[in-house]
Amino acid sequence: MSAGEAHTAPHLDENQIAPQESAASGTPAAEITVNQSAQQQKDDRMKRHQERLEKAKAFETQYRKRLREIANKKSSFAGFEHSLPSFDSRVRQKHQEKTETMRAREAEYRQKLNEIAQKDSVLKLPDNPLPSFDERAQTRTRLGMNKLADADAAYKAWLQQRTVLQGQRIEKVAS
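Cut-offs and rules
- Residues numbered from 1 in each chain as written.
- Predicted model: local features only at pLDDT ≥ 70, side-chain atom pairs only at ≥ 80, totals over all residues.
- Heavy atoms only, no water.
- Helix = DSSP H or I, 4+ residues; strand = E, 2+ residues; numbered from the N terminus.
- Buried < 20%, exposed > 50% of the residue type's maximum accessible area, 1.4 Å probe, protein only.
- Salt bridge = Lys/Arg side-chain N within 4 Å of Asp/Glu carboxyl O.
- Patch = residues over 30% accessible without salt bridge, like charges linked within 9 Å, V, L, I, M, F, W, Y side chains within 5 Å.
- Areas by Shrake-Rupley, 256 points an atom, 1.4 Å probe, with all protein chains shown as cover.
- Lys, Arg positive; Asp, Glu negative; His and termini not counted.
- Charge placed at Lys NZ, Arg CZ, Asp CG, Glu CD.
- pLDDT = per-residue confidence, 0-100.
- Contact = heavy atoms within 4.5 Å.

1. Structural notes on the overall build of the protein
- Along its length, the protein carries 5 helices and 0 strands.
- The helix and strand sequence of the protein, counted from the amino end, reads α-α-α-α-α.
- Across the 175 residues of the protein, 3% fall into the buried class.

Okay, structure coming up:
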């Protein structure tokens, strides 16, 4: 066989098993080839995924390196000796300033509150103290009983009037 003929002969992929090899195991050759083909596809996908991950990591590394270079770069503004503060340091500084003002206002509020607490109250109760609870309860009860008695007397008067009128009607009808 010449070199040209060897290339034209049926070529088996490295994942394929020749039919005579599969006969010994008892598994059909087509099934083994399909399983190996699926495994090969899975391996290829994993390899592509790993390559993409490596590219992303490399890009992230370059991006972070560039950010550090920019952060450490001297300011191009005349008169500045230091580079511009980073975003995090500016946020921390603003937070610290706001916290300091908040604490100063809180201290001022507490001081005013203590001054108010130390002063004598201008709202005084009158010199005549309120009657005791028992006295107030008895007074209210007495007033309520008087109201009920008045209402009861008015009802009895009305009832008497209605009885008289009803008696007069009955006499008219009877006569």
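2. Considering the pattern of salt bridges
- Counted under the stated rule, the structure contains 3 salt bridges.
- Salt-bridge contacts for Arg64 lead to Glu60; the nearest nitrogen and oxygen are separated by 3.2 Å. Of this pair, Arg64 and Glu60 both sit in helix α3 (residues 29-72), 4 residues apart, which is roughly one turn of that helix.
- Residue Arg66 is joined to Glu69 by a salt bridge in which the shortest nitrogen-to-oxygen separation is 3.5 Å. With a gap of 3 residues between them, Arg66 and Glu69 both fall in helix α3, about one helical turn apart.

3. A few points about a positive patch on the surface
- A cluster of basic residues, Lys42, Arg45, Arg48 and Arg52, forms a positive patch at the surface.
- Here Lys42 is to be found in helix α3.

4. Comments concerning a nonpolar patch on the surface
- A cluster of nonpolar side chains, namely Phe59, Tyr63, Leu67 and Ile70, defines an oily patch on the protein surface of about 440 Å² accessible area.
- Residue Phe59 is classed as exposed on the basis of its relative accessible area, which comes to 58%.

5. Looking at the confidence of the model for the protein
- The share of residues in the protein with pLDDT of 70 or more is 75%, and the mean pLDDT across the chain is 81.
- This model gives residues 1-10 a pLDDT under 50, and the stretch forms 0 contacts once residues within four places in sequence are excluded.
- In the predicted structure, residues 14-24 sits below a pLDDT of 50 and forms 13 contacts with residues beyond four places in sequence or in another chain.

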